[in-house]
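Descriptive analysis of the structure
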Amino acid sequence: MTTTAPRPATASGLTFPPAFRWGAATAAYQIEGAADEDGRTPSIWDTFSRRPGAVRNGDTGDVAADHYHRMREDVALMASLGLKDYRFSVSWPRVQPAGRGPASAKGLDFYRALVDELLAQGIRPMLTLYHWDLPQELEDAGGWPERDTAYRFADYAELVAGALGDRVPTWTTLNEPWCAAFLGYAEGVHAPGRTEPASALRAAHHLNLAHGLAVGALRELTGPASEISLTLNLAAIRPLSDSPADAEAARRIDALANRVFLDPVFHGRYPEDLRADTAQLTDWSFVRDGDLTTVSRPVDSLGINYYTPTVVGAGSHPLPSPWPAAQDHARFAPAPGPRTAMDWPVDADGLYELLVRLRDELPGTALLVTENGAAYDDYADPAGEVHDPERITYLTAHLGAVHRALAAGVDVRGYFLWSLLDNFEWAYGYSKRFGMVHVDYASQRRTPKDSALWYANVVARGGLPRG
Ligand code: FCB
């Protein structure tokens, strides 16, 4: 799976195409706060974060970065950094409390105001419909393992597209359905915190179905020029060795991490090997006639979130895990090299490998890097400055990988840094800082880190400065 290409001696001094989209990304539950204001109801993350031990320090998204109240200030901050694109998500329980029925006018007004503010500042909005905050009421009715949730999502997509379809150019149905299905329903480390491997497979299919149904609604209700997309956190898989046993383990994990989404969405089928590997858990009868036609409705681009590679070999791993039916077939090892504060190895080649794989497997599909970034233990020094040289090193290497991919003929059209702001990092709470802008949670003061100033310069020049 590893592809080699000529590497520039240094990843600095690289120019990107003029139309390349330079942005930053956030997600509703991670930044908004205002959890019970203006009619918003609880999502599965509001519930899960209250479960003892589920989130570090018992943190919740109740206040987060208070973006709901500071939206204009945050858009002004983006404008001051010269960002051209902004990827955010809509909170489902804020715009459709309880996950069904009428819209909340106040909820929609917030996103209307955000979009208008972005457009007024010349920043292109990219809207994600689902970044993991399922209305709790729908989880109580069965959640993603329940087929009806896909139809509820289609209704919600219709409602948001009806309100914003005339002004948002890029629409993403789902962010990282792998995490929603497998971390949420198999490993239980994300909301709703269930450890039911068979349910996770049902959830994955219903997320795929939800995506396809939403594509249909978005095509009808958004402008003819709108771009409809899906964001996946595909695994850049490296077998531990050249042995057939390690290759077999890598195949299994590739099916569960990547092809469970790529195959239905782009080829209208589930992989035969995935069905065989998981036969002891399910007969896949939850896939009904016609579903795969819906799931494979064409999209205009594919978003890729990348942080670190997945190194896998033959062996076993403990349960609960996010890998249904693979516990006796795969073990995981960290890639070598420096680590971020998440303990994730820094390995930009994985991003290059993933992009080249997609060039080969999905010819004609435009790609966007919709998330990439790193957490470090950032703090404001006595002068009020935040020095984060490791993040600049990380970003330089990964933008270098994107540039190499472009040179190798990959149709990659944009890069969204994760994240604009420090925020609620799911099960890690506020202990991990991914922002290029530091947030002091006590005062909610925003301070651009050195990396933000560096990135502003990258965006302004449309490429990496000479190192
Ligand atoms: C991704 C999520 C995003 C953020 C980063 C670090 O999996 O989409 O919300 O938490 O990881």
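Predicted, not measured: the structure shown is a model, and the values here were computed from it.

**Remarks on the pairing of strand S7 (residues 301–305)**
Each regular strand displays side chains that alternate between the two surfaces of the sheet. With five of five residues buried, S7 is to be regarded as a mostly interior element. Sheet topology places strand S5 (residues 227–232) next to S7; four bridges connect them, and they run parallel. Paired with Leu 230 across the two strands is Leu 302, which belongs to S7. Direction of pairing for S7 relative to strand S10 (residues 366–372): parallel, over a ladder of five bridges. In the sheet register, Asn 305 faces S10, and the bridge partner there is Glu 371.

**Re the sheet that holds strand S1 (residues 21–25)**
Within the closed barrel, the eight strands sit side by side as S1-S2-S3-S4-S5-S7-S10-S11. Their pairing is parallel. The average angle at which neighbouring strand axes cross in this sheet is 25 degrees, direction not considered. Sheet topology places S1 next to strand S2 (residues 85–89); three bridges connect them, and they run parallel. What sits directly across from Ala 24, in S2, is Tyr 86.

**Some thoughts on unusual backbone geometry**
For the peptide bond that leads from Ala 191 to Pro 192, omega is 5 degrees, which places it in the cis range. With respect to the helices and strands, the residue Pro 192 is situated in the loop between helix H8 (177–187) and helix H9 (197–221). Omega for the peptide link from Trp 418 to Ser 419 comes to 10 degrees, which places this bond in the cis form. With a phi close to 75 degrees, Ala 98 is a non-glycine residue in the positive phi region. One can find Ala 98 in the loop between helix H4 (92–95) and helix H5 (105–120). The exposure class assigned to Ala 98 is buried, which follows from its relative accessible area of 15%. Not every positive phi belongs to a glycine, and Trp 132 is a case in point at roughly 85 degrees. Within the secondary structure, Trp 132 sits in the loop between strand S3 (124–130) and helix H6 (136–140). We classify Trp 132 as buried; its relative accessible area is 5%.

**Some words on the site of the ligand**
Inspection of the region around the ligand gives Gln 30, His 131, Trp 132, Asn 175, Glu 176, Asn 305, Tyr 307, Glu 371, Trp 418, Glu 425, Trp 426 and Phe 434 as its neighbouring residues. Between the ligand and the protein, one listed contact pairs an oxygen atom with a side-chain N or O atom of His 131 at 2.8 Å. Within the complex, the protein chains bury 94% of what would otherwise be the 290 Å² of accessible surface of the ligand. Residue composition of the shell around the ligand, by class: five nonpolar, four polar and three charged.

**What about the side chain of Thr 231?**
As for its position among the elements, Thr 231 is in strand S5. In terms of polar contacts, Thr 231 uses its side chain to reach the side chain of Thr 370, at 3.0 Å. Non-local contacts of Thr 231, meaning those with residues more than four positions away in its chain, are made with Arg 87, Thr 172, Leu 174, Asn 175, Glu 176, Pro 177, Gly 303, Asn 305 and Thr 370.

**Structural notes on the confidence of the model for the chain**
In this model, the chain carries an average pLDDT of 96, and 97% of its residues clear a pLDDT of 70 or more. Contacts from residues 1–11, a stretch scored under 50 in pLDDT, to residues over four places away or in other chains number 15 contacts.

**Description of H9**
For H9, with 25 residues, the first-to-last C-alpha span of 36 Å sits near the 36 Å given by 1.5 Å per residue. Across the 25 residues of H9, 19 count as buried, placing the element largely inside the fold.

**A closer look at the packing of H8 against helix H10 (residues 244–267)**
Closest axis-to-axis distance for the H8/H10 pair is 10 Å, and the angle between their directions is 130 degrees. As the angle between them shows, H8 and H10 are arranged oblique. Seen along the crossing, H8 lies across H10 with a hand that is right-handed. From H8, Pro 177, Trp 178 and Phe 182 reach across to H10, where they touch Leu 256, Ala 257, Val 260 and Phe 261. Residues of the contact of H8 with H10, tallied by class, amount to seven nonpolar, no polar and no charged.

**What to know about helix H15 (residues 450–461)**
The terminal C-alpha atoms of H15 lie 17 Å apart, and with twelve residues this matches the ideal 16 Å at 1.5 Å per residue to within 8%. Those residues of H15 hidden inside the fold are in contact with S1, helix H3 (67–81), helix H14 (389–407), strand S11 (412–418), strand S12 (437–440) and strand S13 (445–448). Count one or two residues on from H15 and you reach Gly 462, which has phi positive near 65 degrees.

Conventions and cut-offs
Residues numbered from 1 in each chain as written. Predicted model: local features only at pLDDT ≥ 70, side-chain atom pairs only at ≥ 80, totals over all residues. Heavy atoms only, no water. Buried < 20%, exposed > 50% of the residue type's maximum accessible area, 1.4 Å probe, protein only. Helix = DSSP H or I, 4+ residues; strand = E, 2+ residues; numbered from the N terminus. Pairing = 2+ DSSP bridges. Axes fitted to C-alpha atoms, helices over the stretch in contact; angles between N-to-C directions. Near = heavy atom within 4 Å. Polar contact = N/O pair within 3.5 Å; in protein donor to acceptor, adjacent residues only side chain to side chain. Areas by Shrake-Rupley, 256 points an atom, 1.4 Å probe, with all protein chains shown as cover. Nonpolar A, V, L, I, M, F, W, Y, C, P; charged D, E, K, R; others polar. Contact = heavy atoms within 4.5 Å. pLDDT = per-residue confidence, 0-100. Expected span 1.5 Å × (residues − 1). Parallel < 35°, antiparallel > 145°, perpendicular 65-115°, else oblique. Left-handed = near helix turned anticlockwise from the far one by under 90°.

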